Amino acid sequence: MTIPRLSPKAIAGLVAVALLPLLIKLFFPSSERYYLHILIQILLWSFIYTGWSLMGRFGLTSLGHGAFTGIGAYITVLLWNFAGITPWIGIPVAVLAATIVGVLIGYPCFSLRITGHYFALMTLALTEFVRLCIVGLRDYTGGSLGTQPKRYGDGISLYAMQFEPDRLLSFYIAFLLWMFGLYVWWRVDRSMERYALEAASQDEDAAASVGIDVTREKLKITALSAGMCALGGAVFGQYQMYIGPDTIAGLGTSLNMVFAVVAGGMWVMLGPTVGAVFTQLLSEGLRVVIGSSAALKSVLGSAALALDSAIYGLLLILFIIYMPKGILGTLLDRSNQRK
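Residues numbered from 1 in each chain as written. Predicted model: local features only at pLDDT ≥ 70, side-chain atom pairs only at ≥ 80, totals over all residues. Heavy atoms only, no water.

Caption draft 1: Layout of the confidence of the model for the protein. On average, residues of the protein score 88 in pLDDT, and 92% of them are at 70 or above. Of all secondary-structure elements in the protein, the lowest mean pLDDT belongs to helix α15 (residues 294-300), at 55, while helix α4 (residues 65-83) reaches the highest, 96. (pLDDT = per-residue confidence, 0-100. Helix = DSSP H or I, 4+ residues; strand = E, 2+ residues; numbered from the N terminus.)

Caption draft 2: The pattern of salt bridges, seen in detail. As enumerated under the stated definition, the model contains 13 salt bridges in all. Ionic pairing is found between Arg194 and Glu198, a salt bridge with its closest N-O pair at 3.1 Å. Linking Arg194 with Glu198, this pair stays in helix α9 (residues 192-202), spanning four residues, or about one helical turn. Residue Glu198 is classed as partly exposed on the basis of its relative accessible area of 29%. One network of salt bridges, with partners in common, ties together Arg57, Asp189, Arg190, Arg194 and Glu198. (Salt bridge = Lys/Arg side-chain N within 4 Å of Asp/Glu carboxyl O. Buried < 20%, exposed > 50% of the residue type's maximum accessible area, 1.4 Å probe, protein only.)

Caption draft 3: The arrangement of the side chain of Lys218 in detail. In this fold, Lys218 is placed in helix α11 (residues 214-240). On the basis of relative accessible area, Lys218 is assigned to the buried category, the value being 6%. When sequence neighbours within four positions are dropped, the list of residues in contact with Lys218 reads Leu60, Phe110, Thr115, Leu197 and Glu204. (Contact = heavy atoms within 4.5 Å.)

Caption draft 4: Spotlight on the packing of helix α3 (residues 32-56) against α11. At a closest axis distance of 7 Å, the pairing of α3 and α11 adopts a crossing angle of 165°. Judged by the angle between their axes, α3 and α11 are roughly antiparallel. In the crossing of α3 with α11, the sense of the turn from one axis to the other is left-handed. The class makeup of the residues in the contact of α3 with α11 is 16 nonpolar, nine polar and no charged. (Axes fitted to C-alpha atoms, helices over the stretch in contact; angles between N-to-C directions. Parallel < 35°, antiparallel > 145°, perpendicular 65-115°, else oblique. Left-handed = near helix turned anticlockwise from the far one by under 90°. Nonpolar A, V, L, I, M, F, W, Y, C, P; charged D, E, K, R; others polar.)

Shown next, in the form of structure tokens:
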């Protein structure tokens, strides 16, 4: 296994992130659990967004990755709730299932050269199919109301992978998962498959003419991306101790992935992480503003619930037009130009 050589700046950055809980405890002791929860959410979604970006950066725009996070979360929870199978086994099973689904969807698309808008629509249909399956199997999944993993003991259990009451432990689990996501991104970025996929994204016929098996390369990156999102969805469900079709498996989840990665920077390793920071802080800020403003709630009424989606859509348009490389990509470009 190749281990990347980290620069002093990268090591300092990782150490700074690892020490954030201690800084929160020092400066915000009364709100420690709240801020740790925000950090855990950012790290978990950063991992999931990184998984999506593995496909997105090569022109494989998927609107269906909410299906993979949903498969990861629901299979893990259902195996635990109804068969008593520990998540240590359930998560690999869920990741394998999501990978198989990704390959089954990807193979006909890639072999028949279904790309662009048509591929996006195919993945969109997959998300809706998985969501409807979750809602339809309400006796097991809880339907649209969602479900919870059964509590084991006092709520902190290595066997059941339930650590939610211990936010500090949950943070370091999410931190390790985030670092693993960055490592996978780094390996893909420095592999020969990257050049094959970049060539295929530009011209499939030209790539095939020089010996690249386009279908195989696309299936490999699809399987990896689907597996990562399923792993992230499963860990997210174990942390939240709640899963619902609209929170982990719906179209909104898929679209949030697209928005966050585009906003942060699709072609930069830390772009999805910056996107997760931006979207999570924006979402939390809107929740606080709307929740504390009675006047705003009275004016918007039920539309206040969809305000964040409307703002996400508007910002996505602005990012695509004015900052196509995302926040981090644009900042790096400007920094290089000054040099």
